[in-house]
Amino acid sequence: MNKVMKISKVLNTLSGIVRTMLRVAAVIIAVAVVILLFVSPEHEMWRNGTYTLGLGQFTLELISDGFIPPETTRLLMIGGLTFCIPLLLFSAKYLHIVQDILTPMSGGKPFNKNVSHSLRKLSLFTLIIGAINEVGNAVSVLVPISCFDPSILFNPEYVSGYTLGTVLNLNFLLPCAILYLISHVFRYGEELQQLSDETL
């Protein structure tokens, strides 16, 4: 039990540090977004950029100048940074819930009455963060590529057509389901602990 308490304390401390870093990063990005909003769309920083297009093991470095208007480049950057803010804040909240689980464990009470509830919340946040991440990945791939005309990127004598799509990764559903099941195990442990306490 002492080993569990020590590990829980270390993990609790690390979670607190990372949580603070995520909050600071969210504030820094929010400040950067506000500053970028005041940068003119005609500014040089929005021009002559490059975009990396991944095709499996093959990647293309595309010059955005002439394909993507400066205003679109500006909106893509501001939108991408803005999207990071809720993701960072959700991640910080996720670690807060982890700390709610680790705190009673570090005190030698793994079957505290709030642990199972926190595990269920952790399961829900895993689902939310996973879904947000997947939407962000899809948008970050599809929107910039759609600004280019793929028909002029390849030799039409050899490439007869193309499709634009994204792969949905649902791997986050597995840890979500596992956490939900574990919450029921802890709920049962909490009931046993309560019966034991009442007996004593």
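As the structure is a prediction and not an experimental result, all values here were calculated from the model.

I tried to follow the overall build of the protein chain on my own but got confused; where do I start?
Looking only at helices and strands, the protein chain has 4 helices and 2 strands in total. Classification of the 200 residues of the protein chain by burial places 30% in the buried group. Taking as baseline every contact in the protein chain between residues at least 6 positions apart, the subset at least 24 positions apart corresponds to 77%.

What exactly am I supposed to notice about a nonpolar patch on the surface here?
Taken together, the side chains of Ile7, Val10, Leu11, Leu14, Ile17 and Met21 define a hydrophobic patch exposed on the protein surface, amounting to about 560 Å² of accessible area. Within the secondary structure, Leu11 sits in helix H1 (residues 2–37).

What is the right way to read the side chain of Glu134 from this model?
Within the element layout of this structure, Glu134 appears in helix H3 (residues 115–146). The side chain of Glu134 is buried and forms no salt bridge, while Lys93, the nearest opposite charge, is found at 24 Å. The contact partners of Glu134, leaving out residues within four places of it in the chain, are Val167, Leu168, Asn169 and Phe172.

I keep staring at the side chain of Ser15 and nothing clicks. Help me out?
Here Ser15 is to be found in helix H1. For Ser15, a relative accessible area of 9% gives the class buried. Here Ser15 is in contact with Leu95, Val98, Gln99 and Leu102, once residues within four sequence places are set aside.

Honestly, the confidence of the model for the protein chain in this entry has me stumped. Any pointers?
Summing up the model confidence of the protein chain, the mean pLDDT is 80 and the portion of residues at 70 or higher is 86%. Ranking the elements of the protein chain by mean pLDDT puts strand E1 (residues 50–55) last, at 69, and H1 first, at 90.

I would appreciate a short explanation of the packing of aromatic side chains in the present structure.
Ring pairs (aromatic) are described by centroid distance and by the angle formed between their planes. One pass over the full model with this rule turns up 1 aromatic pair. A ring pair is formed by Phe90 and Phe125, whose centres lie 5.7 Å apart and whose planes are at 55°; its orientation type is tilted. Of this pair, Phe90 sits in helix H2 (residues 70–106) while Phe125 sits in helix H3, and the two are 35 residues apart along the sequence. The partly exposed category is assigned to Phe90, whose relative accessible area is 26%.

Looking at this structure, I do not really get the packing of H1 against H2. What am I missing?
Packed helix pairs are specified by the crossing angle of their axes together with the interaxial distance, meaning the distance between the axes. Relative orientation of the contacting elements H1 and H2 amounts to 160°, with a least axis distance of 8 Å. By the angle between their axes, H1 is roughly antiparallel relative to H2. For the element pair H1 and H2, the recorded crossing hand is left-handed. Taken together, the residues that form the contact of H1 with H2 break down as 23 nonpolar, 10 polar and 4 charged.

Looking at this structure, I do not really get the environment of Val39. What am I missing?
Tracing the sequence through the fold places Val39 in the loop between H1 and E1. Note: C-alpha distance between Val39 and Arg74 (35 residues apart in sequence) is 8.9 Å.

Explain the environment of Phe172 to me, please; I cannot follow it from the model alone.
Positionally, Phe172 belongs in the loop between H3 and helix H4 (173–199). For Phe172, a relative accessible area of 16% puts it in the buried group. For the pair Phe172 and Leu127, spaced 45 residues apart in sequence, the C-alpha to C-alpha distance is 6.7 Å. For Phe172, the contacting residues outside a window of four places in its chain are Thr126, Leu127, Gly130, Ala131 and Glu134.

Conventions and cut-offs
Residues numbered from 1 in each chain as written. Predicted model: local features only at pLDDT ≥ 70, side-chain atom pairs only at ≥ 80, totals over all residues. Heavy atoms only, no water. Helix = DSSP H or I, 4+ residues; strand = E, 2+ residues; numbered from the N terminus. Buried < 20%, exposed > 50% of the residue type's maximum accessible area, 1.4 Å probe, protein only. Contact = heavy atoms within 4.5 Å. Patch = residues over 30% accessible without salt bridge, like charges linked within 9 Å, V, L, I, M, F, W, Y side chains within 5 Å. Areas by Shrake-Rupley, 256 points an atom, 1.4 Å probe, with all protein chains shown as cover. Salt bridge = Lys/Arg side-chain N within 4 Å of Asp/Glu carboxyl O. Lys, Arg positive; Asp, Glu negative; His and termini not counted. pLDDT = per-residue confidence, 0-100. Phe/Tyr/Trp six-rings, centres within 6.5 Å; stacked < 30°, edge-to-face > 60°. Axes fitted to C-alpha atoms, helices over the stretch in contact; angles between N-to-C directions. Parallel < 35°, antiparallel > 145°, perpendicular 65-115°, else oblique. Left-handed = near helix turned anticlockwise from the far one by under 90°. Nonpolar A, V, L, I, M, F, W, Y, C, P; charged D, E, K, R; others polar.

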